[in-house]
Amino acid sequence: MTSAGAPERSGTTRGGGTLYRGDLGMWSWVAHRITGVLTFFFLFTHVLDTALVRVSPNAYDAVIETYKNPIVNLFEVGLVGAVLYHALNGIRVMLVDFWEKGAKYQRPMLWVVLGVWIAVMIPGAYFMLVRTISELVGGH
């Protein structure tokens, strides 16, 4: 028992001296924050490069041309994955906050979010990467 009368929990910083390692809920929270920041920075960059068309159409064309490479294609797949996870998990967070049974079902809803994310990302990544891969291995 701690001084407050609550039982000690193993694996916590309270008296045990170990670091909190979190569980699935904590990692979904971390991923939600990271994907939100990544999406914000993409949108910021997108607004800036699109604004170039008004300043200098030639500079805009040059920037857009730099985006046509395999590395950027991988970043695009990552961006789609980040936006999709952030959107699906955002729906889950709203359900946890506003549905009276949301807190009770938050873990099963997270598994549904991850399942839907995988089900959408596998074909999505395939169709996003097929042209890049065929160009890299000599296709047309």
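Residues numbered from 1 in each chain as written. Predicted model: local features only at pLDDT ≥ 70, side-chain atom pairs only at ≥ 80, totals over all residues. Heavy atoms only, no water.

Caption draft 1: Highlighting the overall build of the protein. Of the regular secondary structure elements, the protein holds four helices and zero strands. For the protein, the succession of helices and strands along the chain, N to C, is α-α-α-α. Surface accessibility of the protein: about 10500 Å² in total, with carbon and sulfur atoms responsible for 70%. (Helix = DSSP H or I, 4+ residues; strand = E, 2+ residues; numbered from the N terminus. Areas by Shrake-Rupley, 256 points an atom, 1.4 Å probe, with all protein chains shown as cover.)

Caption draft 2: View of the packing of aromatic side chains. Evaluation of the coordinates by the stated rule reveals four aromatic pairs. With centroids separated by 6.4 Å and ring planes inclined at 20°, the aromatic side chains of Phe40 and Phe44 adopt a geometry described as stacked. On the criterion of helical spacing, the pair formed by Phe40 and Phe44 is a turn pair, its members being four residues apart in helix α1 (residues 24-55). Aromatic rings pair up to connect Phe40, Phe41 and Phe44 into one cluster. (Phe/Tyr/Trp six-rings, centres within 6.5 Å; stacked < 30°, edge-to-face > 60°.)

Caption draft 3: Fine view of the packing of helix α3 (residues 70-98) against helix α4 (residues 106-136). With their axes 9 Å apart at the nearest point, α3 and α4 run at an angle of 165° to one another. When the interaxial angle is binned, α3 and α4 end up roughly antiparallel. Remark: the crossing between α3 and α4 carries right-handed chirality. Grouping the constituent residues of the contact of α3 with α4 by class yields 21 nonpolar, five polar and two charged. (Axes fitted to C-alpha atoms, helices over the stretch in contact; angles between N-to-C directions. Parallel < 35°, antiparallel > 145°, perpendicular 65-115°, else oblique. Left-handed = near helix turned anticlockwise from the far one by under 90°. Nonpolar A, V, L, I, M, F, W, Y, C, P; charged D, E, K, R; others polar.)

Caption draft 4: Representation of a nonpolar patch on the surface within the structure. Taken together, Ile91, Met94, Leu95, Phe98, Trp99 and Tyr105 make up a surface patch of nonpolar side chains, about 630 Å² in accessible area. Looking at where Leu95 falls in the secondary structure, it is placed in helix α3. (Patch = residues over 30% accessible without salt bridge, like charges linked within 9 Å, V, L, I, M, F, W, Y side chains within 5 Å. Salt bridge = Lys/Arg side-chain N within 4 Å of Asp/Glu carboxyl O.)

Caption draft 5: How the structure looks around the nonpolar core. Counting residues in each nonpolar core, the largest one holds nine residues, listed as Val77, Leu84, Tyr85, Leu88, Leu110, Val113, Met121, Ala125 and Leu129. Taken together, the elements giving at least two residues each to this core come down to α3 and α4. (Core = buried A, V, L, I, M, F, W, Y, C linked by side-chain atoms within 4.5 Å. Buried < 20%, exposed > 50% of the residue type's maximum accessible area, 1.4 Å probe, protein only.)

Caption draft 6: Representation of the UniProt feature "transmembrane region" (unreviewed entry) in the protein. UniProt records the feature "transmembrane region" (unreviewed entry) at residues 30-51, 71-88 and 109-129, using the numbering of this structure. Across residues 71-88, the secondary structure splits into 100% helix and 0% strand, with the terminal C-alpha atoms separated by 26 Å. Between the C-alpha atoms that bound residues 109-129 the distance is 29 Å, and the span itself is 100% helix and 0% strand. (UniProt positions renumbered as here; feature names shortened; annotations may be inferred.)

Caption draft 7: Spotlight on the environment of Val96. Summarising the element assignment, Val96 is placed in helix α3. Sequence separation of Val96 and Gln106 is ten residues, and the distance between their C-alpha atoms is 6.3 Å. Contacts of Val96, omitting those with residues within four sequence positions, involve Gly102, Ala103, Gln106 and Met109. (Contact = heavy atoms within 4.5 Å.)

Caption draft 8: Quick peek at the confidence of the model for the protein. Here the protein shows a mean pLDDT of 86. Residues at 70 or above account for 84%. The element-level mean pLDDT for the protein is lowest in helix α2 (residues 57-66), coming to 92, with α3 highest at 95. (pLDDT = per-residue confidence, 0-100.)

Caption draft 9: Structural view of α3. The end-to-end C-alpha distance of α3, which contains 29 residues, comes to 42 Å, matching closely the 42 Å that a straight helix rising 1.5 Å per residue would cover. Where α3 is buried, its residues meet α1, α2 and α4. (Expected span 1.5 Å × (residues − 1).)

Caption draft 10: Up close: the side chain of Thr132. Note on placement: Thr132 falls in helix α4. The exposure class of Thr132 is buried, given its relative accessible area of 9%.

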